[in-house]
Amino acid sequence: MKVFSRILLTGGGTAGHVNPALAIGRAIGDDRSTYLFVGVRGRAEAVVVPKAGLPMNYVRASAFPGSRPSLSWLPFLFNLSVGTLKSIAIVTRFSPDIIVGTGGFASAPVMLAAALLRRLGLCRAGLYVHEQNAAPGRLNLLVGRLADRVFLSFPDTLAAFPVNGVLSGYPVRRQIQTVDHDTARASLDFAVPAGRLVVFAFGGSQGARTINRAMVDALGSLLPYKDRVFIIHGTGLADSGGSYDAGRDTAARLDARYSEAERRAIETFYVARPFFHDIERVYGVTGLAVVRGGAGTLNELASLGLPAIVIPKVNLPGEHQVMNARALERAGGAIVLYEETRLEDGRAVEELDGRVLASAIVHLLDDAPRLSAMSLASRQFLQHDAIEVIRTTLQEEDAGKVVSGAQAGAIAGVPPLLSPAALLPRLERAWAAHRSSYRVEIEIPARGDRTYYVSRATSLLSDGRWELRNLGVKLVGLLQARDKLPLVLALFRDRRPAAWYKRLLGGDFEQVGFIRRNAVTAIGRLAVVTPDVEAALLVGISDPYYEVRSETARVVAVLEGGLSQAGRSALVAGLVTLLTDRWLEVVAASADTLGRIGGEHDARPVLLALESHRYWVVRAAALRGLASLVERGCAGDLAELEHHLRRFVLTATDFRPEFAIRTSYARVIDAIQTRRGSTS
Amino acid sequence: MIHLFGDLLEGGFRAWSILRLLDYLSVRAIGAAMTAFILTVVIMPRFIWYLHRRGLVDQTRNTGVSSAFDKAGTPVMGGAVMVGCVLAACLLWCDPTSRYVWAVLAGMVWFALIGLMDDLAKWRARSGNRGMSEPRKLALQGACAALFVAWLASPWTPFPPREAATFYVPFVKHALFSSPFGYLPIVLLFVMLVGNAVNITDGLDGLAIVPSALAVSVLGVFAYIMGNAIWSHYFFLPLLPGVGELIVFCAAFAGAGIGFLWFNAYPAQIFMGDAGSLAIGGCLAILSVLVKQEVLFLLLGGLFIAEAVTSQVQDKIGIKWLGRRLFYRAPLHHQMQHTGLAETKVVIRLWIVSLILALASIATIKLR
């Protein structure tokens, strides 16, 4: 078996890249091999690698500053260039047999140096890349094409590397072997009662605030099931430098939320520890895991066949945790819950509602067949002995055999998730095309996607920038997220004034005119009428910005079927006041709506009063309103109405042109369509 | 050209003394106007059909007003023909030694080329919005403005040395100041701002061309007066020898403009496109500078300024910063349409406004 004697490893910047590099390195070499790990000072690899006993060289690199050119590109490019130059020296001096990179910005200098040297013919080493996530990282995308092989953890990634991608899986830590259930139970320092579903929740060595808080909140809802579950909660070590002290925060929350009696009941099915030294013993008793979406974690669970509830961290580059979670969910091995962002004391905080987590656990509790199906699915999805695959591939490469790229069959990749900004035009076009028959389920069939998009849109609602809040409001309406209506109403009711200099130039509130207008539109699209909605519409009628008033008038007509009696009269009275508005758009919209919801005594007289309004647009709207009244049979004496109508001023300053040639063109096309339609 | 021809002949043949008429600016101006008009009217139909055959038509412009949908499929780039005809008429009728004329022609052609590139980019992208990028357009215009300014400051400047860097304001007899450092930056900014203002105005059939023709004619009158020793003294305007030649250019421009209007009136058979509007903008800017009436342009070209200002205020201050609309719509002509005026009515009302502004500008000659 081929063993490499000089092995250069690189990867890091963030923690998830280092362990796979070490695992692969150990697998392809032996005791006599010489290793070198290249990383960035002060990052995860600087801590982990020396502890593992490998020699380490440091280069300069910094994280990618974002795709739009800005000032932060200068230090980035400087660091990258200096790092690459130093890497060229390192590679030349070390002259490795093989170079393995696992991604992350710390590996950029070495990978670029290696690619360059190979191109110049100065380096003969094989260049290999390992990608841990379903959605390939930016660096790996760039360098992967230059590498000999790219080893992938998820089948979904094959689409990104059609030529040189090889599905290997994720090289899990050697120590994670399946531990026998009884041995495991005996070795734990707390008692795990028999016959219960053991749920193990953890968020990495430093804990995950969302998971910890959600878990504590869920305990209340799980009390009725205290004889059927047992929860092991790994809260995480206190982060000495950071602001989140997992243990203390969790304990405090527990004390605050639950009474003395409740806590005693909770203790019968819940135990919390900051850290588990031999995590595989806990895995041995676990039936269901609650985790983040990191590639390493998911792969570990899959290799053990553990079903999981995944709560991915959102807003990471490439949304890689979300993509990993979705990939596993699609294969049936996991359930994904999305955290949402909201403002707490002015800071954006992610959270997951404990009741959502509790209900997900309870559903699985009652559904044992589902649990075992999930277990099987996840084992099948990610069960590869990555180390073996990698070794075999390298051997075959060495022997000159060409390993084909798209292995493991052509598995269709997960359709990419759109950013909120990209999703908006799609949904708006669909809305414009279908109007009343629009259903978000048709536009976005996958329920998991819809949940994801709704959580993103909701997070946008509390962003500091108004453009993003605006985007969030539009999306909430288009996604028909009816349970988020209170948030939209709260946004609409927020009347905090804008900065004084903005107010001088025409601004009014922090929630700018566009946001309020789009909030009203969203209320119309959500099509739910409650007393709160009616109150909001009344507020909208007296809003300072004209577009809000006209949009409110329009939406009242849309929602008219659900209005209460009292609400209807109040709104009609309000709309009548709008008829003397300064802005003609508002008057016209009110006239239209009054025709749809008013009657003989309140709407008819005011509409007739518009007979000699300055603007023909308004007069036309009044006539449309009167037509609606007549059609609904609420117009009273028709002969009298006709008499009044004669006084309407009908001269106008605009017209709709008809181009005879275009009409004839349309007629021919229509005729062709009909002909084609009837003969087919 | 004819001027030179006339020179040659007159010297040789007494009998052709009628050609002495060609010495007169007014004769040549009228000649240029007629030539430009006839050339435009004759060439334009062929050009329109050529554009139809090549499919070089307007991509749908979604301005949100119903009549806009009827504009899809109308050929663009009529400005190219206009510019060409003005060039031809000038080459025929202008005195080829006049540096003023060459300056305006060069500026017009440069801006026209920028506009042409933008039009072609929009056509290739099949979208009315995504043509050449804003920064690129501004950079190219800036380059022209910079060259122009450099030339004004150089020894080849057409102005007499005393007047090279003077800055005049309407109603005031004497120059406000005379300093290259103050004057040249003003000119630079001016050329760039005006260059784009006409572009914004070109949104309805016939809207941009008539005010432009009026503005150019008024500037031609100024040029005529300033080039004439007696009249410039009488009206207290600076004497710039040779600038009178510009009236021939202005006349040619007006002629070509009217020829264009023949086809552009509602419903339009052809649009001027960015080629035309940028060319006009460049022309107006350079003309204003050459007759030292930069500030007067705020009055004379008030329509263009109003359109540009409303558009920028609505977009930059309202929509992008405050998060609300300040007017119903921008630019000015869309606002008028939104309140229920038909396109033709808007166009004619704005023509009336620009006529009033032009007459007011002429009045400033006397009111000093």
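Residues numbered from 1 in each chain as written. Chains lettered and ligands numbered in written order. Predicted model: local features only at pLDDT ≥ 70, side-chain atom pairs only at ≥ 80, totals over all residues. Heavy atoms only, no water.

**Focus on the overall build of chain A**
Phase 1 of the analysis: Scanning chain A for helices and strands turns up 30 helices and 15 strands.
Phase 2 of the analysis: Projected onto the principal axes, the alpha-carbon positions of chain A cover approximately 105 × 70 × 65 Å.
Phase 3 of the analysis: By element, 55% of the accessible surface of chain A is carried by carbon and sulfur atoms, the whole surface being about 31,900 Å².
Phase 4 of the analysis: Of the charged side chains in chain A, 80 are positive and 67 negative; the average position of the first set lies 5 Å away from that of the second. (Helix = DSSP H or I, 4+ residues; strand = E, 2+ residues; numbered from the N terminus. Areas by Shrake-Rupley, 256 points an atom, 1.4 Å probe, with all protein chains shown as cover. Lys, Arg positive; Asp, Glu negative; His and termini not counted. Charge placed at Lys NZ, Arg CZ, Asp CG, Glu CD.)

**What about the pairing of strand S6 (residues 149–152) of chain A?**
All names here are of chain A.
Phase 1 of the analysis: Side chains Arg149 and Phe151 of S6 all project onto a buried face; the interleaved residues Val150 and Leu152 project onto the opposite face, where all are buried too.
Phase 2 of the analysis: Examined bridge by bridge, strand S5 (residues 126–131) and S6 share 4 bridges and lie parallel to one another. Note that in S6 the partner of Tyr128 across the bridge is Arg149.
Phase 3 of the analysis: Crossover connection from S5 via helix H5 (residues 138–144) to parallel S6: handedness right-handed. (Buried < 20%, exposed > 50% of the residue type's maximum accessible area, 1.4 Å probe, protein only. Pairing = 2+ DSSP bridges. Right-handed = clockwise from strand over helix to strand, strands pointing away.)

**Notes on the sheet that holds strand S11 (residues 288–291) of chain A**
Pairing between the strands of a sheet comes from backbone hydrogen bonds, and it takes one of two forms, parallel or antiparallel.
All names here are of chain A.
Phase 1 of the analysis: One open sheet holds the 6 strands; their spatial order is S10-S9-S8-S11-S12-S13, and the pairing between them is parallel. Edge positions in the sheet fall to strand S10 (270–273) and strand S13 (334–336), since each has one partner strand and no second. Neighbour-to-neighbour, the strand axes of this sheet turn through a mean angle of 15°, independent of strand direction.
Phase 2 of the analysis: Taken together, the 3 bridges between S11 and strand S12 (residues 308–310) define a ladder with parallel strand orientation. Opposite Ala289, over in S12, you have Ala308 as the bridge partner.
Phase 3 of the analysis: Lying on the sheet, helix H11 (residues 295–304) is in contact with strand S8 (197–202), S11 and S12; it crosses S11 at an angle near 175°.
Phase 4 of the analysis: Lying on the sheet, helix H12 (residues 320–330) is in contact with S12 and S13; it crosses S13 at an angle near 130°. (Axes fitted to C-alpha atoms, helices over the stretch in contact; angles between N-to-C directions. Contact = heavy atoms within 4.5 Å.)

**Considering the interface of chain A and chain B**
Phase 1 of the analysis: Each partner contributes residues to the interface: chain A has 28 residues there, and chain B has 23 residues.
Phase 2 of the analysis: Overall, the association of chain A and chain B removes approximately 2,300 Å² of surface from exposure, summing both partners, and the carbon and sulfur fraction of that is 57%.
Phase 3 of the analysis: Joining chain A to chain B, the criterion identifies 2 salt bridges.
Phase 4 of the analysis: The closest approach of N and O atoms between Arg325(B) and Glu547(A), which form a salt bridge, is 2.5 Å.
Phase 5 of the analysis: The tally of links from chain A across to chain B stands at 11 residue pairs in polar contact (both at pLDDT 80 or more). (Buried area = accessible area lost by both parts, 1.4 Å probe. Salt bridge = Lys/Arg side-chain N within 4 Å of Asp/Glu carboxyl O. Polar contact = N/O pair within 3.5 Å; in protein donor to acceptor, adjacent residues only side chain to side chain.)

**Focus: the side chain of Asp274(B)**
All names here are of chain B.
Phase 1 of the analysis: Structurally, Asp274 is set in helix H10 (residues 273–290).
Phase 2 of the analysis: In this structure Asp274 comes out as buried when scored by relative accessible area, which is 6%.
Phase 3 of the analysis: A polar side-chain atom of Asp274 sits 3.0 Å from a polar atom in the side chain of Lys122.
Phase 4 of the analysis: Aside from chain neighbours lying at most four places away, what touches Asp274 is Gly115, Asp118, Asp119, Lys122, Lys137, Asn199 and Ala279.

**Describing helix H6 (residues 180–201) of chain B**
Phase 1 of the analysis: Across its 22 residues, H6(B) extends 32 Å between first and last C-alpha, which sits within 8% of the 32 Å expected from 1.5 Å per residue.
Phase 2 of the analysis: For H6(B), the full list of buried residues reads Tyr183(B), Leu184(B), Val187(B), Phe190(B), Val191(B), Val194(B), Gly195(B), Asn196(B), Ala197(B), Val198(B), Asn199(B) and Thr201(B). (Expected span 1.5 Å × (residues − 1).)

**Some details on the packing of helix H2 (residues 25–54) of chain B against helix H3 (residues 78–93) of chain B**
To characterise two packed helices, one gives the angle between the axes of the helices and the distance between these axes.
Residue and element names in this part refer to chain B.
Phase 1 of the analysis: Interhelical geometry of H2 versus H3 gives an angle of 145° and a closest axis separation of 8 Å. When the axes of H2 and H3 are compared, the crossing they make is right-handed. On the side of H2, the interface is formed by Arg28, Gly31, Ala32, Thr35, Ala36, Leu39, Thr40, Ile43, Met44 and Phe47, while H3 contributes Gly78, Val81, Cys85, Ala88, Ala89, Leu92 and Trp93. (Left-handed = near helix turned anticlockwise from the far one by under 90°.)

**A short note on helix H3 (residues 73–94) of chain A**
Residues and elements named next belong to chain A.
Phase 1 of the analysis: Taking 1.5 Å as the rise per residue, H3 with 22 residues should run 32 Å; its terminal C-alpha atoms sit 30 Å apart, in good agreement.
Phase 2 of the analysis: Taken residue by residue, H3 has Phe76, Asn79, Leu80, Gly83, Thr84, Ser87, Ile90, Val91 and Phe94 as its buried positions. Buried residues of H3 fall within an arc of 135° about the axis and therefore sit on the same side. Every exposed residue of H3 that faces more than 90 degrees away from the buried side is listed here: Leu74, Leu85, Thr92 and Arg93.
Phase 3 of the analysis: Buried residues along H3 sit in contact with strand S1 (6–10), strand S2 (34–40), strand S3 (56–59), strand S4 (98–101) and helix H4 (108–119).
Phase 4 of the analysis: With its phi angle positive at about 35°, Ser95 sits one or two positions after the end of H3. (Arc of directions from axis to C-beta.)

**Structural notes on the packing of aromatic side chains**
Residues and elements named next belong to chain A.
Phase 1 of the analysis: The tally for this structure, following the rule as stated, stands at 25 aromatic pairs over all chains.
Phase 2 of the analysis: Aromatic pair Trp466 and Phe514: ring centres 6.2 Å apart, planes at 50°, arrangement tilted. Of this pair, Trp466 sits in helix H19 (residues 466–478) while Phe514 sits in helix H22 (residues 513–526); the two residues are 48 residues apart in sequence, bridging distant segments of the chain.
Phase 3 of the analysis: Look at Trp466 and you get buried, because its relative accessible area is 11%. (Phe/Tyr/Trp six-rings, centres within 6.5 Å; stacked < 30°, edge-to-face > 60°.)

**Section: the confidence of the model for chain B**
Residues and elements named next belong to chain B.
Phase 1 of the analysis: Mean pLDDT over chain B: 87, with 91% of residues reaching 70 or higher.
Phase 2 of the analysis: The element-level mean pLDDT for chain B is lowest in helix H1 (residues 2–12), coming to 66, with helix H9 (residues 246–264) highest at 96.
Phase 3 of the analysis: Scored as a whole, the predicted complex attains pTM 0.78, and scored at its interfaces, ipTM 0.83. (pLDDT = per-residue confidence, 0-100.)

**Details of the packing of helix H28 (residues 616–632) of chain A against helix H29 (residues 638–645) of chain A**
Residues and elements named next belong to chain A.
Phase 1 of the analysis: Axis separation between H28 and H29 bottoms out at 12 Å; the angle between their running directions is 170°. Here H28 lies roughly antiparallel to H29, going by the angle between them. Residues Leu623, Leu626 and Val630 of H28 touch H29, and the partners they reach there are Leu638, Leu641 and Leu645.
Phase 2 of the analysis: A per-class count over the contact of H28 with H29 returns 6 nonpolar, no polar and no charged. (Parallel < 35°, antiparallel > 145°, perpendicular 65-115°, else oblique. Nonpolar A, V, L, I, M, F, W, Y, C, P; charged D, E, K, R; others polar.)

**Here's the deal with the nonpolar core**
Phase 1 of the analysis: Core analysis: the largest hydrophobic core is formed by 115 residues, its most contacted members being Ile232(A) and Leu479(A).
Phase 2 of the analysis: When residues in this core are grouped by element, the largest group, 8 residues, is from helix H26 (residues 584–597) of chain A.
Phase 3 of the analysis: Setting aside residues up to four positions removed in sequence, Ile232(A) forms contacts with Phe190(A), Val198(A), Val199(A), Phe200(A), Ala201(A), Val271(A), Phe276(A), Val282(A) and Val285(A).
Phase 4 of the analysis: Among the nonpolar cores identified, the runner-up in size contains 98 residues, and Ala89(B), Ala145(B), Ile270(B) and Ala279(B) belong to it. (Core = buried A, V, L, I, M, F, W, Y, C linked by side-chain atoms within 4.5 Å.)

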